[in-house]
Amino acid sequence: LWQYCTLGRTQLVLFAFDLYDRDSSGYIDVEELGVMLKELYGRKYQRNDQAMLVMQKINVMATKEGFCDRISLKAFTDFARTHPALLAPAFMLQQTLRTK
């Protein structure tokens, strides 16, 4: 918990990538991304407009970048930088824990 609270923004993005790259392939595939969004936005994430918008933008980015149903670490970090909604719940939780 302490380590989570002390991570900077970049480190938290890398931590999230490592956490959800469950097969250690160096990519987050569509299934792993779905797990990430479910755990960040809750069980009903598919009804959450923000989560679905993030998923849609990731699919567009992955198609443009030529990734077939998976995202590299670089693409993930670039996306997280330009689309903060991806990890917004994780950043909000971190801020809440820091203030307590």
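To be clear, the structure that these remarks concern was listed above.
Every chain begins its residue count from 1, and numbering advances along the sequence as written. Local features in a predicted model are, by the rule used here, given only for residues with pLDDT of at least 70; side-chain atom pairs are given and counted only at 80 or more, and totals for whole chains, interfaces and linings are based on all residues. Side-chain descriptors were evaluated using all non-hydrogen atoms of the structure, hydrogens and water having been removed beforehand.

Another aspect to go through is the overall build of the chain. Strands here mean DSSP runs of E at least two residues long; helices mean DSSP runs of H or I at least four residues long; both are numbered from the N terminus. Counting its regular elements, the chain contains six helices and two strands. As defined in this context, the radius of gyration uses C-alpha atoms, and a globule is described by 2.2 Å times the residue total to the power 0.38. Compactness check: the chain gives a C-alpha radius of gyration of 13 Å against a globular reference of 13 Å for 100 residues, within 12% of the reference. Once the C-alpha set of the chain is aligned to its principal axes, its extents read approximately 40 × 30 × 25 Å. Relative accessible area decides the class of each residue, using a 1.4 Å probe on protein chains only: under 20% of the type maximum gives buried, over 50% gives exposed, and in between gives partly exposed. Among the 100 residues that make up the chain, the fraction classed as buried is 38%.

Right, let's talk about the side chain of Asp-21 for a bit. Within the fold, Asp-21 resides in the loop between α2 (9–20) and β1 (27–29). When charges are counted, neither His nor the chain ends are considered; positive counts come from Lys and Arg and negative counts from Asp and Glu. Each reported salt bridge corresponds to a side-chain nitrogen of Lys or Arg within 4 Å of a carboxyl oxygen of Asp or Glu. Comment: no salt bridge for buried Asp-21; closest opposite-charge side chain is Arg-70, at 8.8 Å. A polar side-chain atom of Asp-21 sits 2.8 Å from the main-chain amide nitrogen of Gly-26. When checking whether two residues touch, look at their non-hydrogen atoms; a contact exists if any pair is within 4.5 Å. In this structure Asp-21 touches Gly-26, Tyr-27, Ile-28 and Glu-32, once residues within four positions along its chain are discounted. For this analysis, a polar contact is any N or O atom pair within 3.5 Å, provided that within protein one partner can donate a hydrogen and the other can accept it, and provided that sequence-adjacent residues contribute only side-chain to side-chain pairs.

A helix's residues, less one, multiplied by 1.5 Å, set its expected span. Look at helix α6 (residues 88–99): 17 Å from first C-alpha to last across twelve residues, which is about the 16 Å you get at 1.5 Å a residue. When we look at burial in α6, the residues that qualify are Ala-88, Pro-89, Ala-90, Phe-91 and Gln-94. Each element contacted by the buried residues of α6 is listed here: α1 (2–6), α2 and α3 (30–41).

The term nonpolar core refers to a set of buried residues drawn from Ala, Val, Leu, Ile, Met, Phe, Trp, Tyr and Cys, joined through side-chain atoms within 4.5 Å. Counting 31 residues, the largest nonpolar core has Met-36, Tyr-41, Ile-71, Phe-76, Leu-86 and Leu-87 as its most contacted members. Mapped by element, the contributors of at least two residues to this core are α2, α3, α4 (49–65), α5 (73–82) and α6. With six residues, α4 is the single largest residue contributor to this core. Setting aside chain neighbours within four positions, we find Leu-86 in contact with Met-36, Leu-37, Leu-40, Tyr-41, Val-54, Ile-58, Phe-76, Phe-79 and Ala-80.

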